Amino acid sequence: MRLHYRSLAVGLFCAAIVFLVDQISKYWILFDFRLPEKGSVAICPGLNFTMVWNHAITFGMFGGAGAAGRIIFSVISLAIVAGLLTWIARTPRLLIAGLAGAITGGAVGNVLDRLRYGAVVDFIHAHAFGWSWYVFNIADAAIVCSVAGLIVDSLYRERQHPSQQGDGRPVERSAGDK
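Just so you know, these numbers come straight off a predicted model, no measurement behind them.

(A) Examining the sheet that holds strand S2 (residues 47–54) more closely. Ordered in space as S1-S2-S3-S4, the four strands form an open sheet in which the pairing is antiparallel. A strand with exactly one partner marks an edge of an open sheet, and here the two such strands are strand S1 (40–44) and strand S4 (131–132). Here S1 pairs with S2 via four bridges, running antiparallel. Paired with Val41 across the two strands is Phe49, which belongs to S2. Against the sheet, helix H1 (residues 5–32) engages S2 and strand S3 (120–128), with an angle of about 85 degrees to S3.

And the structure:
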């Protein structure tokens, strides 16, 4: 296993930026803007700040886990973070390290919320023409955008290099493969 220190530095930098912006925004929403007291505030057409304490995971899934969910979701998230950190340290690609780092920072931010408040602080509510998206936070946005970036990168690289594996090595084919 070869460690890529530049990738690790980029990944940790992106994780730190997402984590800090997420935590600062949540602190501001809770204690300066005092959104829990207000419930929902229209910011501009199509965007509200709406206070939601998310006791579940992404898009409210597994919300029936009760008090144990707080610990279960935190442990699972931290296991995923460990895997992401390993991926970051092993990839030679700085883009992948940055995207995985952003996911890491978002995941750690949401875990801290669960441990500190018992739920994740969600407050960004986009809506238009009767359509309403789930209420989310900066960490969620970073995670979703970074996963989308990883998918696009994977599809693009496969189209550009269909005869290579994800790490750049040629795919070995047997005599029966065509």
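(B) Expanded view of the side chain of Thr104. Note on placement: Thr104 falls in helix H4 (residues 94–117). Those residues in contact with Thr104 that lie beyond four places of it in its chain are Ala15, Val81, Leu84, Leu85 and Ile88.

(C) Seen up close, the environment of Gly109. Inspection of the secondary structure assignment puts Gly109 in helix H4. On the basis of relative accessibility, which here comes to 0%, the residue Gly109 falls in the buried class. Between the C-alpha atoms of Gly109 and Leu20, which are 89 residues apart in sequence, the distance is 8.2 Å. Setting aside residues no more than four positions away along its own chain, Gly109 makes contact with Phe19, Asp22, Gln23 and Lys26.

(D) Structural context of the packing of H1 against H4. At a minimum axis distance of 7 Å, the contact between H1 and H4 shows a crossing angle of 35 degrees. Once H1 is placed against H4, the crossing between them reads as right-handed. Counted by class, the contact of H1 with H4 contains 13 nonpolar, 10 polar and five charged residues.

(E) Representation of the packing of aromatic side chains. Across all of its chains, the model carries eight aromatic pairs by this definition. Judged by centre distance (6.2 Å) and plane angle (80 degrees), the rings of Trp28 and Phe49 are edge-to-face. Pair noted here: Trp28 is in helix H1 and Phe49 is in strand S2, with a separation of 21 residues, a long-range link. Judged by its relative accessible area of 15%, Phe49 falls in the buried class. Put simply, the rings of Trp28, Phe33, Phe49 and Phe123 pair up and form one aromatic cluster. Directly above the ring of Phe33 sits Lys38, whose terminal nitrogen or CZ lies 4.0 Å from the centroid.

Conventions used here
Residues numbered from 1 in each chain as written. Predicted model: local features only at pLDDT ≥ 70, side-chain atom pairs only at ≥ 80, totals over all residues. Heavy atoms only, no water. Pairing = 2+ DSSP bridges. Helix = DSSP H or I, 4+ residues; strand = E, 2+ residues; numbered from the N terminus. Contact = heavy atoms within 4.5 Å. Axes fitted to C-alpha atoms, helices over the stretch in contact; angles between N-to-C directions. Buried < 20%, exposed > 50% of the residue type's maximum accessible area, 1.4 Å probe, protein only. Left-handed = near helix turned anticlockwise from the far one by under 90°. Nonpolar A, V, L, I, M, F, W, Y, C, P; charged D, E, K, R; others polar. Phe/Tyr/Trp six-rings, centres within 6.5 Å; stacked < 30°, edge-to-face > 60°. Lys NZ or Arg CZ within 6 Å of the ring centre and 35° of its normal.

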